[in-house]
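Structural features, examined
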Amino acid sequence: MSHAEQAELGTEQHGLTIRQYLMIGAALTVITIIELAVSYSDLGDAMVPILLILSAVKFVVVVAYFMHLRFDAPIFTRMFVGSFFLALAILIALVSLFWADDHRLPLG
Amino acid sequence: MATVAGTLARPANVGVWSWVTTVDHKRIGVLYGITAFSFLLWGGVQALLIRTQLAVPNGTVIDAERFNQLFTMHALTMIFLAVMPLGAAFFNFLTPLMIGARDVAFPRLNALSYWVYLGGGLLLTSSFFWDAPSAGWFNYTPLSNETYTADMGIDFYVVGLLILGTSSLMAALNFCVTIINMRAPGLTMMRLPVFVWMTLIISFLLVLALPPLTVGLIQLLFDRNWETNFFVAEQGGDPILWQHLFWVFGHPEVYILILPAMGIVSEVLPVFSRKPLFGYPAVVFAGVAIAFLGWAVWAHHMFTTGMGTVPRTVFAANTMVIAVPTGIKIFNWIGTLYGGSIRFNTAMLFSVAFIVTFTIGGISGVMHASPPVDSQHQDSYFVVAHIHYVLFGGAVMGIFSGIYYWFPKMTGRFLGEGLGKMHFWLMFIGLNMTFFPMHFLGLAGMPRRIYTYDQGLDWGFWNMFATIGSFVIGISIIVFVWNFFRSMQQPKTAPDNPWDAATLEWATSSPPPEHDFDVVPTVRARDPLWHDRDHNIERPEPTGEHIHMPPPSYYPILMASGVLLMGLGPLSHLALTALGAVVVVYSIWGWALEPTD
Amino acid sequence: MAHAATGHAPAHHPTNTGTDNRKLLMWFFLGSECLFFGSLIATYLIFKGDSIVGPFPHPHGDEHGILDIPLTSTSTFVLLMSSVTMVLAVYGAQHNLPKMMKLSLLATVLLGIGFLGFQVYEFRHFAHEGLTLSTNIFGATFYVMTGFHGTHVAVGVLYLSSLLLGSFRRSGLGPETGFHVETAGLYWHFVDIVWIVIFTVVYLIPD
């Protein structure tokens, strides 16, 4: 496909090279192994935040590079990030409403 | 025309089959409109039965079980089968015309949305032949658990809403893409007609609000049929979770119902005041703000469940804040009227009445935002009064305004003004007679959803008054139907732009040709037709070139029948779900391979 | 898929944002899916650790947890690798490398089927241990959430297989093929990131 055709179709890619994709795959694998190690270790209260941060890193890398959001039209990023944070906000609100009952959080 | 191996032959372009296979947004809009209006009539009959039963103390017209089914189905019919699809009828017919496009982004997907809606609507309504849902439209657990409602009614509710949700989701995705990507040259977002803005906003809301409901419905389906315990407290579940999932959807849903009407009113008022909408950016941003804040208020439906002080305060404050953008809109509409040279025809009367009755409903809504007040109003007729002032006084009045306003564009004919005004006044008087006394009844302690009440409670007078009002509304609808059929027998005399309106749908013939515009218009200002008129810009002549329109297709209705079969599975035998899935997959393949040029 | 099969590229009207309608549709749909899985995961979290009777997911008192974390780590790795092959398929489709595209698509489909195989094995193993939908709230939340994720994987396998079959219907790659593979890839990667979250929430974080 010629460059001009790609531009016309709006599919022009500024993606990565094959080598870079493979490197990212390797990095994701390494993070997963670290996660496993953390889950078997005895880190106490620090464990859950560490796990959440590590999986958030994986999440962002897949979305940014494999799904091309890093290089693609901004409207896609706005849409997806907006929806994601709405989902996250509702999740946090729901979970804290219920956990307030279970764990006697000071919500009154 | 060449067919590809494995795809169905091309349907013809005339007769009944042309409607079954149509992908034209205008025809789909008409199908939505006719279907939704039929459901509106059926929901009205249910309402009259309810009002007849409640007219006098110790009424004996219908028994308690049937009464429960009627108030549940009345709400489901009106919300999901009448008002939402009437909004869909408008935005199907009008959005491409208003943005200067020849069709929506995905014409076949649009047809699929309609047929899935029809299937879901018929399935839900057919429940009257077996067991209709009877646990209220928000269907709270544990009442809707298998333990307390063993009959199939709740399963009809779950499956019906899942199917209707699928339909709405597909339509909403389609309109998001259409409005963002298919606008005519020069039509920037801040030049979009307000109605199109409201369509975009409700499409976003539907895309994001339907999934929580879907999850809740799936969990309820599993609880009832496959012994899970999501909502069973004894087994570690929690019935309150259903309330949360339902209202996370349910509150945005309220705005999904009202915003199309607000869009219609924002189109009608400027045209019949002969001046541009006052504060266009404020109206648009107020709509966006309502949609945004609408996500953070759902638990105000649940103040009496004991959430704790902090959540109650947060949700109460957010709810009160929503009154601000709503108030901005109302002031802007009044600002539009102020100083205008007003023509009081039927469309305008409905729009002006909308402002009044919607404001009454809005104010009682702000009262509920306060938890102590809400605790008094909860489950009383005061709430019934509130919801009907916003849904009937708001959404339905707005929709009728739109029907009178766009009828010439849709059919090439005018609705009669004499009968129209009679319709308006009967409906306006009837709605206030019916719903205003419900405020008194609620404050006097009458709970909603009771099938009868005793003589000594002193609720008889206002109940009789409300029942008389409801029949006045019924008569007004008969006047409208009469007006409709009488108008349809007239010749098509409507000019392109009979009201001297400003938006693009009036820049083509009435009714528009299949391809909408001979030449795709160029937009130079926010009110394009007024701008072109004032600057003596002529509409470009047709070039006579062939305009390619997407051909009709059998696949939407075929796939919709597959979706319906999948839904019938949980109600009868799961083999039907598997069969339906096969039909859906076959349709997707045929759909993908079908040539679209 | 459609136009690769029939050999006709549709007329491309320029859009206001310069993006293709179908790709925009897919992104909106994925936004909707965020809320869908967000609600399922929220339900899981609300009830996490609330089961009254066993089997429990993680060690509970003197009872062992029934989650097999090494096994699921393997299936997680399989799904992760399928994302890598998917991105290579998109690369092949967009750079006119039909062989690479087909092989990578095939690998993605096979890895997807592999993941589903692990899930079937896991479900059967749990059922054998006495965990059903009705045993406790863990059973309900776990089976429904991971079941819907698995259904998404299965749909993705079907979607990618259709593209793979379609790609054999003509020689070379039409201008639309890159497009369809990319859009399918978005769906596939999304299913993968949902699993990233589920894996952490269910398997790694103890009750």
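Okay, so let's go over this structure.

About the cut-offs
- Residues numbered from 1 in each chain as written.
- Chains lettered and ligands numbered in written order.
- Predicted model: local features only at pLDDT ≥ 70, side-chain atom pairs only at ≥ 80, totals over all residues.
- Helix = DSSP H or I, 4+ residues; strand = E, 2+ residues; numbered from the N terminus.
- Buried ≥ 20, exposed ≤ 12 C-beta atoms within 10 Å, placed from the backbone.
- Contact = placed C-beta atoms within 7 Å.
- Nonpolar A, V, L, I, M, F, W, Y, C, P; charged D, E, K, R; others polar.
- Axes fitted to C-alpha atoms, helices over the stretch in contact; angles between N-to-C directions.
- Parallel < 35°, antiparallel > 145°, perpendicular 65-115°, else oblique.
- Left-handed = near helix turned anticlockwise from the far one by under 90°.
- Expected span 1.5 Å × (residues − 1).
- Bend = angle between axes of the 7 residues up to and from the residue.
- Core = buried A, V, L, I, M, F, W, Y, C linked by C-beta atoms within 7 Å.

Looking now at the overall build of chain A. Looking only at helices and strands, one finds 4 helices and 0 strands in chain A. The linear arrangement of helices and strands in chain A, starting from the amino end, is α-α-α-α. Looking at chain A as a whole, 25% of its 108 residues qualify as buried.

If you look at the interface, chain C gives 34 residues, while chain B gives 36 residues. Of all the elements, helix H2 (residues 21-46) of chain C adds the most residues to the side of chain C that touches chain B, at 13 residues.

On to the interface of chain A and chain C. Taken residue by residue, the interface counts 43 residues in chain A and 41 residues in chain C. The set of elements that each furnish at least two residues to the side of chain A that touches chain C consists of helix H1 (3-9), helix H2 (18-40), helix H3 (47-66) and helix H4 (74-103) of chain A. Considering each element in turn, the side of chain A that touches chain C owes the most residues, 14 residues, to H4 of chain A. Across the side of chain A that touches chain C, the residue classes break down as 29 nonpolar, 10 polar and 4 charged.

Glancing now at the packing of helix H10 (residues 346-368) of chain B against helix H13 (residues 417-443) of chain B. Residue and element names in this part refer to chain B. Packing of H10 against H13 brings their axes to within 9 Å, and their N-to-C directions diverge by 15°. Relative to H13, the element H10 is oriented roughly parallel. Crossing of H10 against H13: the hand is right-handed. Residues Thr-346, Leu-349, Phe-350, Ala-353 and Thr-357 of H10 pack against Glu-417, Gly-420, Lys-421, Phe-424, Phe-428 and Leu-431 of H13.

The next thing to look at is the packing of helix H5 (residues 153-181) of chain B against helix H6 (residues 194-225) of chain B. Residue and element names in this part refer to chain B. Between H5 and H6, the least distance of the axes is 8 Å, while the angle of their chain directions is 150°. Between H5 and H6, the angle falls in the class roughly antiparallel. Where H5 crosses over H6, the two elements pack in a sense that is left-handed. Looking at the contact of H5 with H6, its residues break down into 20 nonpolar, 5 polar and 2 charged.

Residue position: Tyr-140 of chain B is located in the loop between helix H4 (107-126) and H5. The contact partners of Tyr-140 of chain B, leaving out residues within four places of it in the chain, are Ala-135, Trp-242 and Gln-243 of chain B.

Looking now at helix H6 (residues 177-204) of chain C. In this model, H6 of chain C (28 residues) spans 39 Å end to end at C-alpha, consistent with the 40 Å of a helix rising 1.5 Å per residue. At Ile-198 of chain C, H6 of chain C is deflected by roughly 25°, the largest bend along its length.

Attention now goes to the nonpolar core. The biggest cluster of nonpolar side chains holds 268 residues, and the ones touching the most others in it are Val-83, Cys-176 and Leu-205 of chain B. Of all the elements, helix H7 (residues 239-273) of chain B adds the most residues to this core, at 22 residues. Apart from the residues within four sequence positions on either side, Cys-176 of chain B is in contact with Leu-200, Ser-203, Phe-204 and Val-207 of chain B together with Phe-28 of chain C.

Note that an α-helix has 3.6 residues per turn; residues three or four places apart therefore point the same way. All names here are of chain B. Here helix H9 (residues 309-337) spans 43 Å end to end across 29 residues, near enough to the 42 Å set by a 1.5 Å rise per residue. For H9, the full list of buried residues reads Arg-312, Phe-315, Ala-316, Thr-319, Ile-322, Pro-325, Thr-326, Lys-329, Asn-332, Trp-333 and Thr-336. Looking at the buried positions of H9, the neighbouring elements they touch are H7, helix H8 (280-293), H10 and helix H11 (371-377). A positive phi of about 80° marks Gly-339, the residue just after H9.

In this section: unusual backbone geometry. Of note, the bond from Thr-141 of chain B into Pro-142 of chain B is cis; its omega dihedral lies within 30 degrees of zero at 0°. Relative to the assigned elements, Pro-142 of chain B resides in the loop between H4 and H5. Geometrically, the link from Gly-54 of chain C to Pro-55 of chain C is a cis peptide bond, its omega value of 0° lying close to zero. Summarising the element assignment, Pro-55 of chain C is placed in the loop between H2 and helix H3 (69-94). For Glu-227 of chain B, which is not glycine, the phi dihedral falls at a positive 60°. Note on placement: Glu-227 of chain B falls in the loop between H6 and H7. Residue Glu-227 of chain B is classed as partly exposed on the basis of its 16 C-beta neighbours within 10 Å. Of note in this structure, Asp-379 of chain B is not a glycine but carries a positive phi near 60°. With respect to the helices, strands and loops of the structure, Asp-379 of chain B is situated in the loop between H11 and helix H12 (381-411). Classification of Asp-379 of chain B by C-beta neighbours within 10 Å gives partly exposed; the count is 14.

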